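Understanding the architecture of this molecule
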Amino acid sequence: MRYWLFKSEPNVWSWDQQVAKGEAGEEWDGIRNYQARNFMREMKIGDRGFFYHSNIGKEAVGVVEVCATIHPDSSTEDPRWECVDIRALYKLGRAVSLDEIKAEPRLAQMVLVNNSRLSVQPVTEDEWRVIHELAGSLAEA
């Protein structure tokens, strides 16, 4: 299993909206960055990710799971753009802010710290566990 971080502006697509989609999940559409798209091409069913509120809040709020692998993005007819589907698994014990992540020395190499604009990004297993620790949640496998 691999770990990821999915960023969304909460006024566009929030954690609560993701949760409301239930087991079926939702297409992670609208990504128009080649590096982010290429990361989605690497994803497998069952991979986990942090759901991160960007711009407003700037915090990891929950955990999602990839429930459908790469397929054409239905929000465009341009064949270059693809996406995965994700479903909400659980809310973190508490939200972990970008400031907290940046202040934690064990997360100094995290992509979010060094390239905060990338909307889909990898997370290492160690980073996964540290953020769960900061959130007061157990990292479920």
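For the structure given in this document, a descriptive report is provided here. (Residues numbered from 1 in each chain as written. Predicted model: local features only at pLDDT ≥ 70, side-chain atom pairs only at ≥ 80, totals over all residues. Heavy atoms only, no water.)

**Some details on the side chain of Gln 18**
- Within the secondary structure, Gln 18 sits in helix α1 (residues 15-20).
- Look past the residues within four positions of Gln 18 in its chain and what remains in contact with it is Trp 13, Gly 25, Glu 26, Trp 28, Phe 51, Val 64, Ile 86, Arg 87 and Ala 88. (Helix = DSSP H or I, 4+ residues; strand = E, 2+ residues; numbered from the N terminus. Contact = heavy atoms within 4.5 Å.)

**What to know about the sheet that holds strand β1 (residues 3-8)**
- The six strands lie next to each other as β2-β5-β4-β3-β1-β6, forming an open sheet whose pairing is mixed. Each edge of the open sheet is held by one strand with a lone partner, namely β2 (26-27) and β6 (120-123).
- With six bridges connecting them, β1 and strand β3 (residues 48-53) associate as parallel partners. Paired with Ser 8 across the two strands is His 53, which belongs to β3.
- Helix-sheet contacts for helix α5 (residues 125-135) involve β1, β3, β4 (59-72), β5 (82-97) and β6, and the interaxial angle to β5 is about 40°. (Pairing = 2+ DSSP bridges. Axes fitted to C-alpha atoms, helices over the stretch in contact; angles between N-to-C directions.)

**A closer look at the pairing of β4**
- Judged from the six bridges that link them, β3 and β4 form a sheet pairing that is antiparallel. Bridge pairing links Gly 49 to Val 64 in β4.
- In sequence, β3 turns back onto β4 through a hairpin of five residues, with Asn 55 there showing a positive phi of about 65°.
- Judged from the ten bridges that link them, β4 and β5 form a sheet pairing that is antiparallel. Counted as the bridge partner of Val 64 is Ala 88 from β5.

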